[in-house]
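Take a look at the letters that make up each chain.
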Amino acid sequence: VQLQASGGGLVQAGGSLRLSCAASGLTLSRYFMGWFRQAPGKEREFQAAITGSGGTTSYADSVKGRFTISRDNAKDTVTLQMNSLKPEDTAVYYCAARTPKAASIYVTSSYEYWGQGTLVTVSS
């Protein structure tokens, strides 16, 4: 199983970035997928998640209304559209596939597969 995150970069505050997560070695539609981020010196934190069918999404309060998670199971990809970026959004962003029977979508321990991370830097 491999999750490959891409799309990070340097952007000015107020700008947008689109992160992608390409999956291989698993049937993506069977997995609840999430995006987390980890800023320097901080723990990895939940940002967004989406059900296997794409019908339901969930967001951290800090990104609600600015970030949108989506998926294309036919292309084995999950996307995080990030708008109105703020300097505090600066972090390494990770995509992850949740363990099917995990109870929570908000904790890292519920996710069994992780991408390598992509760095997002938002300048003020």
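For the structure itself, look to the data block above.
Cut-offs and rules
- Residues numbered from 1 in each chain as written.
- Predicted model: local features only at pLDDT ≥ 70, side-chain atom pairs only at ≥ 80, totals over all residues.
- Heavy atoms only, no water.
- Helix = DSSP H or I, 4+ residues; strand = E, 2+ residues; numbered from the N terminus.
- Buried < 20%, exposed > 50% of the residue type's maximum accessible area, 1.4 Å probe, protein only.
- Lys, Arg positive; Asp, Glu negative; His and termini not counted.
- Salt bridge = Lys/Arg side-chain N within 4 Å of Asp/Glu carboxyl O.
- Polar contact = N/O pair within 3.5 Å; in protein donor to acceptor, adjacent residues only side chain to side chain.
- Contact = heavy atoms within 4.5 Å.

## A word on unusual backbone geometry
Within the chain, D76 stands out as a residue other than glycine whose phi angle is a positive 55°. Residue position: D76 is located in the loop between β7 (67-72) and β8 (77-82). One non-glycine residue, S84, lies in positive phi territory at about 50°. Relative to the helices and strands, S84 resides in the loop between β8 and β9 (91-98). Taking the relative accessible area as the measure of exposure, S84 reaches 40% and is therefore partly exposed.

## Observations regarding the side chain of R98
Mapped onto the fold, R98 is located in strand β9. Here R98 occupies a buried position and makes no salt bridge, while the nearest side chain of opposite charge, E112, is found at 8.6 Å. Looking at R98, its side chain comes within polar contact range of the main-chain oxygen of A102, at 3.0 Å. With residues near it in sequence (within four places) discarded, R98 still touches Y31, F32, A103, S104, I105, S110, Y111 and E112.

## Thoughts on the pattern of salt bridges
For the coordinates displayed, the defined rule picks out three salt bridges. Between D61 and K64 there is a salt bridge whose closest N-O contact spans 3.2 Å. For the pair D61 and K64, one class covers both residues: exposed.

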